[in-house]
Amino acid sequence: MDKIFFYDPLTDKLISYKIFLDHLNNLNHLEKIVYHSDFYEIFLRIVSSILYNQPIILLDYNLTDFEIKELLGQINLKDTVEIKFKKVFNEEDIKNLRSYAKNWEIILFTSGTTGLPKRVSHSFENLIRAVKVSEKHKDDVWGLAYNPTHIAGLQVFFQALLNQNSIINLFNVNRNLIFELIERFKITHLSATPTFYRLLLPVEKKFTSIKSVACGGERFDNNLKLHLQAMFPNAKIINIYATTEFGSLFASDGDAFLLKKEYENLVKIVDNEIYVHKNLLGKSVEINLVDDFYPTGDQVEVIDEKPLKFKILGRKNEMINIGGYKVNPLEIEEALNSHPCVIMSKVYCKTNSVLGNILIADIKTNSEINEKEIRIYLSKLLNSYKIPRIININVNDEISITRTGKLKRR
Amino acid sequence: MEKLRKIINQIRYNKDLPEIKNLFHDMDLRNDLGFDSLDLAELTVRIEYEFGIDVFEDGIVLTVGDVIKKLEKINNG
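A.B. asks: Got a minute to help me understand the overall build of chain B in this structure?
C.D. replies: Counting its secondary structure elements, chain B contains 3 helices and 0 strands. Listing every helix and strand of chain B by position from the N terminus yields α-α-α. Since a compact globule built from 77 residues should have a radius of gyration of about 11 Å, the 11 Å found for chain B is in line with a globular shape. Dimensions of chain B along its principal axes, counting C-alpha atoms only, are 35 × 25 × 20 Å. For chain B, buried positions account for 48% of its 77 residues. When contacts within chain B are restricted to residue pairs at least 6 apart in sequence, those whose partners lie at least 24 apart make up 47%. Accessible surface, chain B as shown: approximately 4400 Å² in total, 49% of it carbon and sulfur.

A.B. asks: Got a minute to help me understand a positive patch on the surface in this structure?
C.D. replies: Judged by side-chain charge, K132(A), K136(A), K211(A), K236(A) and K260(A) come together as a positively charged surface patch. Along the chain, K136(A) turns up in the loop between α6 (124-127) and β9 (141-144).

A.B. asks: Before we go on, may I ask you to explain the sheet that holds strand β24 (residues 356-365) of chain A in this structure?
C.D. replies: Think of a sheet as strands paired side by side through backbone hydrogen bonds, with each pair either parallel or antiparallel. All names here are of chain A. Strand order in this open sheet of 3 strands is β23-β24-β25, and the pairing throughout is mixed. Sheet topology places β23 (342-352) and β25 (390-393) at the edges, where each strand pairs with a single neighbour. For this sheet the average axis-to-axis angle between neighbouring strands, irrespective of direction, equals 20°. As defined by bridge partners, β24 adjoins β25 across 4 bridges and the pair is classed as parallel. In the strand pairing of β25, I363 is matched with I393. Against the sheet, helix α11 (residues 329-337) engages β23 and β24, with an angle of about 145° to β23.

A.B. asks: So what exactly am I meant to see when it comes to the sheet that holds strand β16 (residues 267-270) of chain A here?
C.D. replies: Residue and element names in this part refer to chain A. An order of β15-β20-β19-β17-β16 is seen for the 5 strands of this open sheet, with the pairing classed as antiparallel. Unpaired on one side and paired on the other, β15 (256-258) and β16 mark the two borders of the sheet. The average angle at which neighbouring strand axes cross in this sheet is 50°, direction not considered. Looking at chain direction, β15 and strand β20 (residues 309-315) are connected through 3 bridges and run antiparallel.

A.B. asks: Please clarify how the confidence of the model for chain A should be interpreted in this entry.
C.D. replies: Close reading of the predicted structure is inappropriate where its pLDDT is low. When pLDDT is averaged across chain A, the result is 88; 96% of the residues are at 70 or more. Mean pLDDT values for the elements of chain A range from 56 in strand β18 (residues 284-285) of chain A up to 98 in strand β10 (residues 166-169) of chain A.

A.B. asks: I would appreciate a short explanation of the confidence of the model for chain B in the present structure.
C.D. replies: Scored by pLDDT, chain B comes out at a mean of 87, with 94% of its residues at no less than 70. Within chain B, helix α1 (residues 2-14) of chain B carries the highest mean pLDDT (92), whereas helix α3 (residues 64-76) of chain B carries the lowest (83).

A.B. asks: Before we go on, may I ask you to explain the interface of chain A and chain B in this structure?
C.D. replies: You'll often see interface size given as the accessible area lost when the parts meet. Counting residues at the interface gives 16 residues for chain A, matched by 18 residues for chain B. Across the interface of chain A and chain B, roughly 1600 Å² is buried in total on both sides, 56% from carbon and sulfur atoms. Of all residues in chain A, V354(A), K372(A) and R389(A) give up the largest surface area on contact with chain B, accounting jointly for 36% of the area buried on that side. The shortest N-O distance in the salt bridge between K372(A) and D16(B) comes to 2.6 Å. Among the elements that make up the side of chain A that touches chain B, the one with the highest residue count is helix α12 (residues 371-379) of chain A (3 residues). The residue inventory of the side of chain A that touches chain B, partitioned by class, reads 7 nonpolar, 4 polar and 5 charged.

A.B. asks: Teacher, can you tell me more about the environment of L21(A) here?
C.D. replies: Tracing the sequence through the fold places L21(A) in helix α1 (residues 17-25). Contacts of L21(A), omitting those with residues within four sequence positions, involve F89(A), N90(A), E91(A) and I94(A).

A.B. asks: Can you help me understand the side chain of D60(A) in this one?
C.D. replies: Residue and element names in this part refer to chain A. Within the element layout of this structure, D60 appears in the loop between β5 (56-58) and α3 (65-72). In terms of polar contacts, D60 uses its side chain to reach the backbone amide nitrogen of N62, at 2.7 Å. In terms of polar contacts, D60 uses its side chain to reach the side chain of N147, at 3.2 Å. Beyond its immediate stretch of four places on either side in the chain, D60 contacts Y35, N147, T149, H150 and R403.

A.B. asks: Would you mind showing me how to read helix α2 (residues 37-51) of chain B here?
C.D. replies: Because the α-helix completes a turn every 3.6 residues, residues three or four places apart line up on one side. Residues and elements named next belong to chain B. Over its 15 residues, α2 extends 21 Å from the first C-alpha to the last, a length consistent with the 21 Å expected when each residue adds 1.5 Å. Every buried residue belonging to α2 is among L38, D39, L40, A41, E42, L43, T44, V45, R46 and I47, and all of these are buried. Residue D36 occupies the N-cap position of α2, its side-chain oxygen lying 3.1 Å from the main-chain nitrogen of L38. Backbone geometry just downstream of α2 places G52 in the positive-phi region, at approximately 75°.

A.B. asks: It is not clear to me how the packing of α12(A) against α1(B) should be interpreted in this structure. Could you clarify?
C.D. replies: A packed helix pair is summarised by two numbers, namely the angle formed by the two axes and the spacing between the axes. At a closest axis distance of 9 Å, the pairing of α12(A) and α1(B) adopts a crossing angle of 40°. Here α12(A) is positioned oblique relative to α1(B), judged by the angle of their axes. Classified by chirality, the crossing of α1(B) by α12(A) is right-handed. Residue-level inspection shows E371(A), K372(A) and R375(A) of α12(A) in contact with α1(B), the latter providing Q10(B), Y13(B) and N14(B). Partitioning the contact of α12(A) with α1(B) into residue classes produces 1 nonpolar, 2 polar and 3 charged.

A.B. asks: Is there a simple way to explain the pattern of salt bridges in this structure?
C.D. replies: Where side chains of opposite charge bring their charged atoms close, a pairing between them can arise. Under the definition given, this model contains 28 salt bridges over all chains. Note that E371(A) and R375(A) form a salt bridge whose closest N and O atoms lie 3.8 Å from each other. Here the residue E371(A) and the residue R375(A) both occupy positions in helix α12, the gap between them amounting to 4 residues, near one helical turn. Given a relative accessible area of 12%, E371(A) falls into the buried group. Where salt bridges share partners, they join E371(A), R375(A), R389(A), K15(B), D39(B), E42(B) and R46(B) into one cluster.

Scoring rules and cut-offs
- Residues numbered from 1 in each chain as written.
- Chains lettered and ligands numbered in written order.
- Predicted model: local features only at pLDDT ≥ 70, side-chain atom pairs only at ≥ 80, totals over all residues.
- Heavy atoms only, no water.
- Helix = DSSP H or I, 4+ residues; strand = E, 2+ residues; numbered from the N terminus.
- Rg over C-alpha atoms; globule rule 2.2 N^0.38 Å.
- Buried < 20%, exposed > 50% of the residue type's maximum accessible area, 1.4 Å probe, protein only.
- Contact = heavy atoms within 4.5 Å.
- Areas by Shrake-Rupley, 256 points an atom, 1.4 Å probe, with all protein chains shown as cover.
- Patch = residues over 30% accessible without salt bridge, like charges linked within 9 Å, V, L, I, M, F, W, Y side chains within 5 Å.
- Salt bridge = Lys/Arg side-chain N within 4 Å of Asp/Glu carboxyl O.
- Lys, Arg positive; Asp, Glu negative; His and termini not counted.
- Charge placed at Lys NZ, Arg CZ, Asp CG, Glu CD.
- Pairing = 2+ DSSP bridges.
- Axes fitted to C-alpha atoms, helices over the stretch in contact; angles between N-to-C directions.
- pLDDT = per-residue confidence, 0-100.
- Buried area = accessible area lost by both parts, 1.4 Å probe.
- Nonpolar A, V, L, I, M, F, W, Y, C, P; charged D, E, K, R; others polar.
- Polar contact = N/O pair within 3.5 Å; in protein donor to acceptor, adjacent residues only side chain to side chain.
- Expected span 1.5 Å × (residues − 1).
- Parallel < 35°, antiparallel > 145°, perpendicular 65-115°, else oblique.
- Left-handed = near helix turned anticlockwise from the far one by under 90°.

Now the structure itself:
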């Protein structure tokens, strides 16, 4: 049987590398703007744009017409370029994609959890900075748990494509089907947000085919690591720090990151916030630099100065002010998640005339527990002003997530 | 009044304080009910969920009677 390129349970498309090449070789037009719900169609358009060296704009299918107009102005989404000199590509061309991507660029938008999405453009080299191609990776099978119109999904895509691996879509797929697909396709590699993994809990089963589990996009905690180790006993667990603006930057096996020597002068901490030098950013980014450094908005706790070692605490703009005290909702979620009955939690605030804000927690539990028991538990871990005053237990069936698979806070 | 008593008792229960059987207008929220500022914030939000009004929005609310007055204003107006 031909090697599988992509399987998507949502469309039931099973595409081999051979069919993928056929489709590439039969294209007559290139789309300038990619706006599709079908992930396969997105991949086909991205790869063809590279092979013909045509810049491309990638839009999340969840963006509304209004948002697209705000981002791009009045444009024709169906704008295409005719392929005048058709070429015939083979598997070698896919492996050597880099040589075709000399002037290619891709425009993406951040998820915009804190406002309108931001436009970021990347070169091929920048996009695949963290991609590893080698013999060792030739039999990897990837579970795609990110939206491929965002950077993390693209990185998974290129990691798999450049090693000619099979990709199985798990994004927006329900948990039982995810478990079935992991076993059916013997998926070896997963990369997802902590929220994605938490939504899989509780899991009794062990998945032995998984060799590598990467977490990114949100704060990682050691409690999650324990769950992952139990679920995937043969896997190496990796925590990745990446953003749309500069791709992957740091990796670690726990919640603390150690700065690599090569980044020594390119990353600094200012007022507990990570600043990244513009040389590590995508090609052109609509952001304000401070002395050539980009303030990421990510707050850290410095563990060691030299070499720099730090832990991510949360987003600067996610801090909540409770009667003058700054509270990090992630810290409270972590405390809640450490309770054996709690599978998942979301902490947010509601404005209030007495203290400015009041903390509210929505939690999902695996057994019966009441608000008071949770509060007593939290009081052993947290200061009283950090304890949510309203705790909704299993009120909302689904704790909502953003289009990039992160926990939605607003 | 009964709904308000329930809300107050829920907050007291979470603080390990005994249930209040009867609510009186002259009861002081801080001194008689033992509420601190975090509890008062919780009280306003729980009242807002139940009645759709922020009782602390304008002016000082010290007693149970003050809260009831605010709630009656809404019911009558």
